[in-house]
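Residue strings, one per chain:
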Amino acid sequence: MGSLRILFSNYLINVGFVAWFSAQLIKTLLVLISTKKFEAERLFGAGGMPSSHSALACSMAIGMCRKMGFDSPEFALALAFAAVVMYDAMGVRRAAGEQAKVLNKMVFDFSDLWGKPDREKKPPQGDGEENEKSILGDKALKEYLGHTPLEVLGGALLGILVAMMIKVT
């Protein structure tokens, strides 16, 4: 029990966890409201509104500012870290998600053309068996990887709000 008390006595861990969890919960509720279906994956998955990565990073940066001061090197590092996380969420990870959408569509169209993997039809190149397993695999690529600028902004504002609401210890 003492180690739990130590864990929960760390202001920055509390701020980061509450911001991340809040974003994931909001994301799950928004999906539930819009689709009328509960998707448990949204509780832990990436992508969507608001960005939990941005919420976590911004809450830690604001928390560090409140705890160590605006002119501290720790705040400077936390702010730089938050900027990289948010830039990455809108850039590289979003591009990877967009590519996954295109690849999933291509695989779907390809499977319609050549049949399902368990059929006798083979793609025209190679021996076919390896191509079927790699191209027509059972799992689609994850498309929820990155964020739109609005989703990142939503996460950043949530993180700032959480950090300002939790008392500095």
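It should be emphasised that the depicted structure is a prediction, and the values quoted were computed from it without experimental measurement.

Asks: Is there a simple way to explain the nonpolar core in this structure?
Replies: Formed by 16 residues in total, the largest nonpolar core has its most connected members in Tyr-11, Met-64, Ala-82 and Met-86. When residues of this core are traced back to their parent elements, those giving at least two are α2 (11–35), α3 (52–68), α4 (73–90) and α7 (149–165). Among the elements that make up this core, the one with the highest residue count is α4 (six residues). Membership of the second largest hydrophobic core comes to five residues, among which are Ala-19, Ala-23, Ala-55 and Leu-158.

Asks: Please clarify how the confidence of the model for the protein chain should be interpreted in this entry.
Replies: One rule of thumb: low pLDDT means the predicted coordinates there are not for detailed reading. In this model, the protein chain carries a mean pLDDT of 79, and residues with pLDDT of at least 70 account for 67%. Across the protein chain, the secondary-structure element scoring lowest on mean pLDDT is helix α6 (residues 129–135), at 44, and the one scoring highest is α3, at 95. In the predicted structure, residues 118–136 sits below a pLDDT of 50 and forms 25 contacts with residues beyond four places in sequence or in another chain.

Asks: Any chance you could explain the side chain of Ser-72 here in plain terms?
Replies: The topology assignment puts Ser-72 in the loop between α3 and α4. Polar contacts involving the side chain of Ser-72 include one to the main-chain carbonyl oxygen of Gly-69, which spans 2.9 Å. Here the side chain of Ser-72 touches Phe-75 through a polar contact of 3.1 Å, landing on its backbone nitrogen.

Asks: Can you walk me through a nonpolar patch on the surface in this structure?
Replies: A cluster of nonpolar side chains, namely Phe-17, Val-18, Phe-21, Leu-25, Leu-29, Leu-32, Ile-33 and Phe-38, defines an oily patch on the protein surface of about 740 Å² accessible area. Take Phe-21: it is sitting in helix α2. Accessibility expressed as a relative area gives 39% for Phe-21, which makes it partly exposed.

Conventions adopted
- All residue numbers refer to position in the chain's written sequence, counted from 1.
- Only residues with pLDDT of at least 70 are given local features in this predicted model, and only at 80 or more are side-chain atom pairs given and counted; all residues enter the totals for whole chains, interfaces and linings.
- To obtain the side-chain values, all non-hydrogen atoms of the structure were included, while hydrogens and water were left out.
- By convention a nonpolar core is built from buried Ala, Val, Leu, Ile, Met, Phe, Trp, Tyr and Cys residues, the set being connected through side-chain atoms within 4.5 Å.
- For every residue, the accessible area obtained with a 1.4 Å probe (protein chains only) is divided by the maximum for its type, and the residue is called buried under 20%, exposed over 50%, and partly exposed between those limits.
- Segments assigned H or I by DSSP are reported as helices when at least four residues long, segments assigned E as strands when at least two residues long, and all are numbered from the N terminus.
- Scored from 0 to 100, pLDDT reflects the predictor's confidence in each residue.
- Whether two residues touch is decided by their heavy atoms; if any such pair falls within 4.5 Å, the residues are in contact.
- Polar contact is defined as a pair of N or O atoms within 3.5 Å, subject to the rule that within protein one atom must be able to donate a hydrogen and the other to accept it, and that residues adjacent in sequence are counted only when both atoms are side-chain atoms.
- Patches draw on residues past 30% relative accessible area with no salt bridge. Two like charges within 9 Å are joined, as are two nonpolar side chains (Val, Leu, Ile, Met, Phe, Trp, Tyr) within 5 Å.
- We get accessible surface area from the Shrake-Rupley algorithm with a probe of 1.4 Å; when it comes to residues, only the shown protein chains can shield them.
- The salt bridge definition used is simple: a Lys or Arg side-chain nitrogen within 4 Å of an Asp or Glu carboxyl oxygen.

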